[in-house]
Amino acid sequence: MKVAVLGAGAIGAYVGASLDRAGAEVHLIARGPHLEAIRAAGVRVLSGRGDFTAHPHATGDPAEVGPVDHVFLGLKANSYATCGPLIEPLLGERTSVIAAQNGIPWWYFHGLAGPYQGRRVETVDPGGAVSAVLPVRRAIGCVVYAATEISAPGEIRHLEGTRLSIGEPDGSISARCREFSDAMIAGGLKCPVEADLRRDIWIKLMGNIAFNPISALTRATMLGICKHSGTRATVVQMMRETLDVAARLGVHPDVSIDRRLAGAERTGEHKTSTLQDLEKGKPLELDAILAAVVELADLTGAPVPTLRVVNALAGLLNEQVSKEAM
């Protein structure tokens, strides 16, 4: 099995190193000091489950790799529409794209029976710009429950969790999903193939939709948000509104708000990826996490006043960050 990891950052390099350990032909596509460190000494993974070093091929030029069986997409969702020059050399006739993203994916209504079948979510696929680069027929969804960080160039610290759930948009248990899952499991990860990945999407989104924008607006950690009575109440209300939207789309996550809050508290003084991006001056990945759910609320008639307020505030912050980054 030949796999390219496009965007071999914290999660991408961790997945690539695990697949390499399982014997897959892995090509990491990265840049800067991180790329140079991997080329020189491989990917060093530091984990409570056992440290290891893998030596997959690493490059900054996808043309060196050519078509692969699977592209594991580790880029931020807000860069999908512009990743065409990077991903095109990797695509063969049957190449799948396994997008490890938070929030609502561009393929959400693809293959989904019901009144919204085939509908485009404009917030995450404006004018079809993402679908033009990443055709939905190639898409395999991926919900990441593992937490990792780049502790130094070429070095990945595994913080918790080894599960990355995958699934076809149409709910089938395909051969291409099973092939990728088997390789991930052989590399020491959990990778269930889900017939209803949208349920996992909404479970993960319950946390992201509240903690990610609030952390950027307040500069607070997960634990800090939970301990403050005002922000905790805001998180609860955002989660309730999110579950209402999911229910109107036929998805009923069987995880309680109390359980999601308890899980967030256990992470301690952890900074969300959105807060980390803010501190680095990078544009914030909030369209798929928050704005898309407001769009789906408009579609289904769900009242989401708290989501709308936080979306407006976070949107203005993102505009300012984006201007400063230019």
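Scoring rules and cut-offs
- Residues numbered from 1 in each chain as written.
- Predicted model: local features only at pLDDT ≥ 70, side-chain atom pairs only at ≥ 80, totals over all residues.
- Heavy atoms only, no water.
- Helix = DSSP H or I, 4+ residues; strand = E, 2+ residues; numbered from the N terminus.
- Rg over C-alpha atoms; globule rule 2.2 N^0.38 Å.
- Buried < 20%, exposed > 50% of the residue type's maximum accessible area, 1.4 Å probe, protein only.
- Contact = heavy atoms within 4.5 Å.
- Areas by Shrake-Rupley, 256 points an atom, 1.4 Å probe, with all protein chains shown as cover.
- Lys, Arg positive; Asp, Glu negative; His and termini not counted.
- Charge placed at Lys NZ, Arg CZ, Asp CG, Glu CD.
- Core = buried A, V, L, I, M, F, W, Y, C linked by side-chain atoms within 4.5 Å.
- Pairing = 2+ DSSP bridges.

(A) Spotlight on the overall build of the protein chain. Secondary structure summary: the protein chain contains 12 helices and 11 strands in total. For the protein chain, the C-alpha radius of gyration of 19 Å lies close to 20 Å, the compact-globule estimate for 326 residues. Dimensions of the protein chain, computed from C-alpha atoms along their principal axes, come out at roughly 50 × 40 × 40 Å. The buried share of the protein chain, taken over its 326 residues, is 54%. Restricting to contacts in the protein chain with at least 6 residues of sequence separation, those with at least 24 account for 72%. Summed over all atoms, the accessible surface of the protein chain reaches about 13,700 Å², with 51% contributed by carbon and sulfur. Averaging the locations of the 33 positively and 35 negatively charged side chains of the protein chain gives two centres separated by 3 Å.

(B) Spotlight on the nonpolar core. If you look at the biggest cluster of nonpolar residues, it comprises 63 residues, and the most contacted ones within it are Ile104, Leu134 and Trp202. Here this core takes 9 residues from helix H6 (residues 197–218), the largest share from any one element. Look past the residues within four positions of Trp202 in its chain and what remains in contact with it is Ile104, Tyr108, Thr242, Val245, Ala246, Leu249, Val251, Pro253, Val293 and Leu296. Counting residues in hydrophobic clusters, the runner-up holds 36 residues, among them Val3, Val5, Ala58 and Leu164.

(C) Spatial organisation of the environment of Gly66. The residue Gly66 is located in the loop between strand S5 (57–59) and strand S6 (68–73) in this model. Residues Gly66 and Gly92 lie 26 residues apart in sequence; the distance between their C-alpha atoms is 8.3 Å. Dropping the residues within four chain positions of it, Gly66 is found in contact with Lys2, Pro89 and Leu90.

(D) Local environment of the pairing of strand S10 (residues 155–160). When strand S3 (residues 43–47) meets S10, the two strands line up parallel, connected through 4 bridges. By the bridge assignment, Val45 is partnered in S10 with Ile156. Two strands pair when backbone bridges link them, and strand S9 (residues 147–152) and S10 are joined in this way by 5 bridges, in the antiparallel orientation. If you follow Glu149 over to S10, its bridge partner there is Arg157. A loop of 2 residues connects S9 with S10, the two strands running antiparallel in sequence, and Gly154 in this loop sits at a positive phi of about 80°.

Function cannot be read off these values alone, since they describe shape.
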